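# Architecture at a glance
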Amino acid sequence: MAVDEAILEAAGCGAVLPTLRLYAWEPACLSLGFAQSSGEVDRARLQARGWGLVRRLTGGRAVLHVDELTYSVSGPLEEHHLAGGVLESYHTLSGALVQALRSLGVSVQVSGQGKPARGTPNPVCFEVPSTYEITAEGRKLIGSAQARRKEGVLQHGSLPLHGDLRRILQVIHFPDETARQAAGDLLLARAVTLEGVLGRHVTWEQAAEAFCAAFQDVLGIILRAESLSPRELARAEQLLADKYTRREWTEKKG
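Described below are features of the structure shown in this document. (Residues numbered from 1 in each chain as written. Predicted model: local features only at pLDDT ≥ 70, side-chain atom pairs only at ≥ 80, totals over all residues. Heavy atoms only, no water.)

## With respect to the packing of helix H1 (residues 2-12) against helix H7 (residues 230-244)
The description of two helices packed together rests on the angle between their axes and the distance between the axes. Two elements in contact, H1 and H7, have axes whose closest approach is 8 Å; the angle formed by their N-to-C orientations is 130 degrees. Between H1 and H7, the angle is such that the two are oblique. In the crossing of H1 with H7, the sense of the turn from one axis to the other is right-handed. Residues Ala2, Val3, Glu5, Ala6, Ile7, Glu9 and Ala10 of H1 form the contact with H7, whose participating residues are Arg231, Glu232, Arg235, Ala236, Leu239, Leu240, Lys243 and Tyr244. (Axes fitted to C-alpha atoms, helices over the stretch in contact; angles between N-to-C directions. Helix = DSSP H or I, 4+ residues; strand = E, 2+ residues; numbered from the N terminus. Parallel < 35°, antiparallel > 145°, perpendicular 65-115°, else oblique. Left-handed = near helix turned anticlockwise from the far one by under 90°. Contact = heavy atoms within 4.5 Å.)

## Digging into the sheet that holds strand S3 (residues 52-55)
The strand order across the open sheet built from 3 strands is S3-S2-S4, with neighbouring strands paired in mixed fashion. Only two strands of the sheet have a single neighbouring strand rather than two, namely S3 and strand S4 (63-65). Averaged over neighbouring strand pairs, the angle between their axes works out to 25 degrees when direction is ignored. The sheet contact formed by strand S2 (residues 29-32) and S3 spans 4 bridges and is parallel. Bridge pairing links Leu30 to Leu53 in S3. (Pairing = 2+ DSSP bridges.)

## What about the side chain of Gln155?
Looking at the element boundaries, Gln155 is found in strand S9 (residues 152-160). Classification of Gln155 as buried rests on a relative accessible area of 2%. At a separation of 2.8 Å, a polar atom in the side chain of Gln155 contacts the side chain of Gln146. Beyond its immediate stretch of four places on either side in the chain, Gln155 contacts Tyr71, Ser72, Val73, Tyr90, Leu93, Ser144, Ala145 and Gln146. (Buried < 20%, exposed > 50% of the residue type's maximum accessible area, 1.4 Å probe, protein only. Polar contact = N/O pair within 3.5 Å; in protein donor to acceptor, adjacent residues only side chain to side chain.)

Here is the structure:
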């Protein structure tokens, strides 16, 4: 998350080009949305599994980052693919996401405005699709979130490749195991992995190649593979020390 914010700052001021970053997580990590309460996390269960905990710069609900491809797009406010506000830029970028999935063989749709179920909100991001998020067979497949700041725009999201989506519920507080089981059933009814849709395994490298090709084709851009600049590396280290490893940031109660 520190690297994503460092890229946002550098790309936002023109120090680097607008950036598509593709990455994975090791070990698994639970990320909380910007305003989400850390009180929803069962820290003992999280630590027993050796999973990390971080708070994102963007909003939304909790995501367990494991067995997935994560993407982030960063650029200045005036970049035309990101301009016009949250919904307009979501719509633009969703075109590339849809093309990537279709090239892998998935029949996908772009959701309308998701409406949360009545009652206590589920703390898990993948329960309900939001505007311009990607669904397959009526279930959420890619979850995305965006931050728009004076420095620029950051949108990042997750494509779960395989595995049991219910794993996240093992580190969320529930009143009892019956409630945890019910939440798991609901999650599987509303979200799916890429393997679950295709019935076959897709590697991270195959998914990343599809993303790169689709972003170039749909957005009419040419991607150039580069490492982080010295400025980005230094800023990420500073953000890591001053923000993303500090309890004041990660464990705020919302």
